[in-house]
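Summary of the model geometry
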Amino acid sequence: MTAGITETAHAVDAATVLELLPARPRLLALGEPTHGENDLLELRNSLFRQLVEREGYRTIAIESDCMMGQLVDDYVTSGTGILDHVMRHGFSHEWGAFAGNRELVRWMRAYNEGRPTSEQVRFAGFDGPLEITAAASPRQALTALHTYLAARVDADLLPCTAETLDRLFGSDERWTNSAAMMDPTQSVGRTPEADQLRLLADDLVALLDAQTPHLIATSTQDDWERARLYGRTVVGLLRYHFWMADTSPGRIPRLVGLRDSMMAANLLALAERGPTLVNAHNSHLQRDMSSMRLGDLPVQWWSAGAIVSAHLGDQYAFLATALGTMPHRGVDAPPPDTIEGRLYALPQQRCVIDTRRLAAALAGTTPGHRVSPWYGYAPLDPAHLPSIDGLVFVKDARQNPILQRSPNT
């Protein structure tokens, strides 16, 4: 059995990865089973650099706030800002503290230096402005969309003034109240003001669409794409806040599904722009339905990867990452009957596995499902193997150089 699996393992490089795929994908996603492990981020950086330099991928998108990510994109494309400020304010979930993310941003800036715009590599966050405990105020996105339109279309076409939006929003603290995540009655998502804002956001997005020929002619490509981002974001945020105020049993499944739907919309927009590399938790990128437990409540939803795959077919590819050990997290050698356990017997510290050949090598056996001793790590579900295009395996993850504080998806 080990010999058969050995034949499926190859070095992790761009050429090997692309050979596993039926077509060169427009969206190539690399998942991870936990966040913040620098060995995984270093591997991602190495693979993504090769795919940019040798294969023409021109956007790197990670699981971070899509609005904040604009600050990073400005820095890597034009040098705007200071790296420390960009890392602190251009990432959500405290991702900017990870050494691997800092190195990625530094490399992207160095790669772009002196290159024409058409050859530069772009950065994007593709997550919504959402945290585990709260959602952002929609003010920034809706105000930015209104400002963009007000500068380019007849004032009579606008459904409201900026002052009206400001009045309806009120205090941002009302929107970001973390207590609303556990107590729907504290959400402002179904107040009369929120209802009116949803209608106005819908009208502004409709106006953005209706004025497409004029707006493209009078905008830079970046300004036009960012206006569309503002529209997607504000509609998604207002919908998210609306369902935060829900009291039905479907509240949490709907919220996690809405988050991944927002992710998927951002990824599809990036795919329109050109070949894109994506990095996020496996659960956000897999083709199978995602699941988790919140206390005694089982929650299932379609991930961003499942949605994108349904739209793009073989133009979407998903590489999952599996881990052997993380001793500093209490994750010791995997049981030998699990997929991770069988891969752990391989001599390579890092390798990419041909999942079709792995499935053939495992034929007639039923791999066990590894149980994680640490909440921040999600082992590979053996049932998902047929829907994974390639499996990246890291044998042992070392202690990170800094303490990470945000292991959740």
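Whatever comes next refers back to the structure up there.
The structure contained in this document is the topic of the report that follows. (Residues numbered from 1 in each chain as written. Predicted model: local features only at pLDDT ≥ 70, side-chain atom pairs only at ≥ 80, totals over all residues. Heavy atoms only, no water.)

Topic: the sheet that holds strand S2 (residues 27-32)
Through backbone hydrogen bonds, the strands of a sheet pair up, either in parallel or in antiparallel fashion. Taking strand neighbours across the sheet as the criterion, the eight strands line up as S1-S9-S10-S8-S2-S5-S3-S4 in an open arrangement whose pairing is mixed. Only two strands of the sheet have a single neighbouring strand rather than two, namely strand S1 (9-10) and strand S4 (122-127). Bridge analysis of strand S3 (residues 59-65) against strand S5 (residues 276-281) gives four bridges, and the strand direction is parallel. The partner of Ile 60 across the bridge, within S5, is Leu 277. Against the sheet, helix H4 (residues 69-78) touches S3 and S4, its axis set at about 170° to S4. Contacts from helix H15 (residues 304-312) reach S2 and strand S8 (316-325), with the element oriented near 150° to S8. (Pairing = 2+ DSSP bridges. Helix = DSSP H or I, 4+ residues; strand = E, 2+ residues; numbered from the N terminus. Contact = heavy atoms within 4.5 Å. Axes fitted to C-alpha atoms, helices over the stretch in contact; angles between N-to-C directions.)

Brief notes about the nonpolar core
In terms of nonpolar packing, the biggest core is built from 46 residues, with Leu 28, Leu 51, Ile 60, Phe 91, Val 105, Met 108 and Leu 277 touching the most fellow members. The dominant element in this core, judged by the number of residues it contributes, is helix H3 (residues 38-55), at seven residues. If you look at the next biggest cluster of nonpolar residues, it comprises 34 residues, including Ala 124, Leu 270, Ala 320 and Ala 322. (Core = buried A, V, L, I, M, F, W, Y, C linked by side-chain atoms within 4.5 Å. Buried < 20%, exposed > 50% of the residue type's maximum accessible area, 1.4 Å probe, protein only.)

Overview of empty space enclosed by the protein
The method is simple in principle: a probe with the dimensions of a water molecule rolls over the atoms, and the space it marks as empty is what remains. All chains considered together, the criterion is met by three cavities of 30 Å³ or more. Volume-wise, the largest cavity comes out at about 80 Å³. Lining the largest cavity are Glu 32, His 35, Gly 36, Leu 41, Arg 44, Ile 62, Glu 63, Trp 95, Phe 98, Asn 101, Asn 279 and Ala 280. For the lining of the largest cavity, the secondary-structure elements that each account for two or more residues are H3, S3 and S5. Counted by class, the lining of the largest cavity contains five nonpolar, four polar and three charged residues. In this structure, the second largest cavity occupies an estimated 50 Å³ of space. Lining the second largest cavity, in full, are Leu 30, Gly 31, Glu 32, Leu 40, Leu 41, Leu 43, Arg 44, Asn 279 and Thr 321. At the level of elements, S2 and H3 are the ones that each hand at least two residues to the lining of the second largest cavity. Broken down by element, the residue count for the lining of the second largest cavity peaks at four residues, all from H3. Across the lining of the second largest cavity, the residue classes tally to four nonpolar, three polar and two charged. (1 Å grid on protein atoms, 1.4 Å probe; cavity = no way out; pocket = protein on both sides within 12 Å on 5 of 7 lines; lining within 4 Å. Points joined across faces, edges and corners; volume = space filled by probe spheres on them. Nonpolar A, V, L, I, M, F, W, Y, C, P; charged D, E, K, R; others polar.)

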